[in-house]
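Secondary and tertiary structure notes
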Amino acid sequence: GAGVSQSPSNKVTEKGKDVELRCDPISGHTALYWYRQSLGQGLEFLIYFQGNSAPDKSGLPSDRFSAERTGGSVSTLTIQRTQQEDSAVYLCASEEAGGSYEQYFGPGTRLTVT
Amino acid sequence: AQSVTQPDIHITVSEGASLELRCNYSYGATPYLFWYVQSPGQGLQLLLKYFSGDTLVQGIKGFEAEFKRSQSSFNLRKPSVHWSDAAEYFCAVGGLDMRFGAGTRLTVKP
């Protein structure tokens, strides 16, 4: 079946512009995660959605970052007034209900802020 | 709060040699532990996981890992490395609150 998809695969934007990154999880997966992977660093947790519960936003680095998940499926990560330090690969992962805790990752969106 | 430490940023091994990648964790309860692999240009793929039971777990691609509670470790091993194993390896701990280590980059020499 289809895996997790993310769009765009690459995004180049000018400093100060807003960007939206999209994640389509595996159908039926109830949990969705966003991570940031900077060069030479690990995966930095950003935000987590589980069903209809309030999202865990504890990893968002600043109020310029926000995310939504509509209808329990597609998610959009928005970065406002982008800064050069926002340049990174943004990864999305989804997870099915039932406690397997196995996350299925998308290919990522590479964001470059010039 | 839970955390994961992968002490080795980069490891180089010869093809056919054995491999051990280290992972230490901090977690308030019995941890769920994972190893993921990220091959160049590809997404992360689960290699193996530990929830409970036998502390030696087998994964895909010939990898195994051993949970040692006394050492708070979950090291990844492979008896004989193949060139295709060159990748970035991430250890992770947690369940719904998963946290990843910084990763270890594996280079395989011919």
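Before any of the text, the structure's been laid out above.
Throughout what follows, the structure given in this document is the object of discussion.

The rules behind these values
- Residues numbered from 1 in each chain as written.
- Chains lettered and ligands numbered in written order.
- Predicted model: local features only at pLDDT ≥ 70, side-chain atom pairs only at ≥ 80, totals over all residues.
- Heavy atoms only, no water.
- Helix = DSSP H or I, 4+ residues; strand = E, 2+ residues; numbered from the N terminus.
- Rg over C-alpha atoms; globule rule 2.2 N^0.38 Å.
- Buried < 20%, exposed > 50% of the residue type's maximum accessible area, 1.4 Å probe, protein only.
- 1 Å grid on protein atoms, 1.4 Å probe; cavity = no way out; pocket = protein on both sides within 12 Å on 5 of 7 lines; lining within 4 Å.
- Points joined across faces, edges and corners; volume = space filled by probe spheres on them.
- Salt bridge = Lys/Arg side-chain N within 4 Å of Asp/Glu carboxyl O.

1. A word on the overall build of chain A
- A tally of helices and strands in chain A yields zero helices and 10 strands.
- Counting from the amino terminus, helix and strand elements in chain A follow one another as β-β-β-β-β-β-β-β-β-β.
- Over its C-alpha atoms chain A spans a radius of gyration of 13 Å, differing by no more than 12% from the 13 Å that the globule rule assigns to 114 residues.
- Reported as C-alpha extents along the three principal axes, the dimensions of chain A are approximately 40 × 25 × 25 Å.
- Expressed as a percentage of the 114 residues in chain A, the buried residues total 48%.

2. Brief notes about the layout of surface pockets
- Space inside the largest pocket adds up to approximately 720 Å³.
- As for the largest pocket, its lining consists of 32 residues, and the residues nearest its centre are Gln37, Leu39 and Arg110 of chain A together with Gln38 and Glu88 of chain B.
- If you list the elements that add at least two residues to the lining of the largest pocket, you get strand 8 (88-95) and strand 10 (109-113) of chain A together with strand 10 (87-93) and strand 12 (104-109) of chain B.
- It is strand 10 of chain A that contributes the most residues to the lining of the largest pocket, four residues altogether.

3. Here's the deal with the pattern of salt bridges
- Applying the stated criterion across every chain, the model contains seven salt bridges over all chains.
- Arginine 22 of chain A is paired through a salt bridge with aspartate 24 of chain A; the nearest N and O atoms lie 2.7 Å apart.
- Within this structure, Glu64, Glu66 and Arg77 of chain B form a network of salt bridges that share partners.

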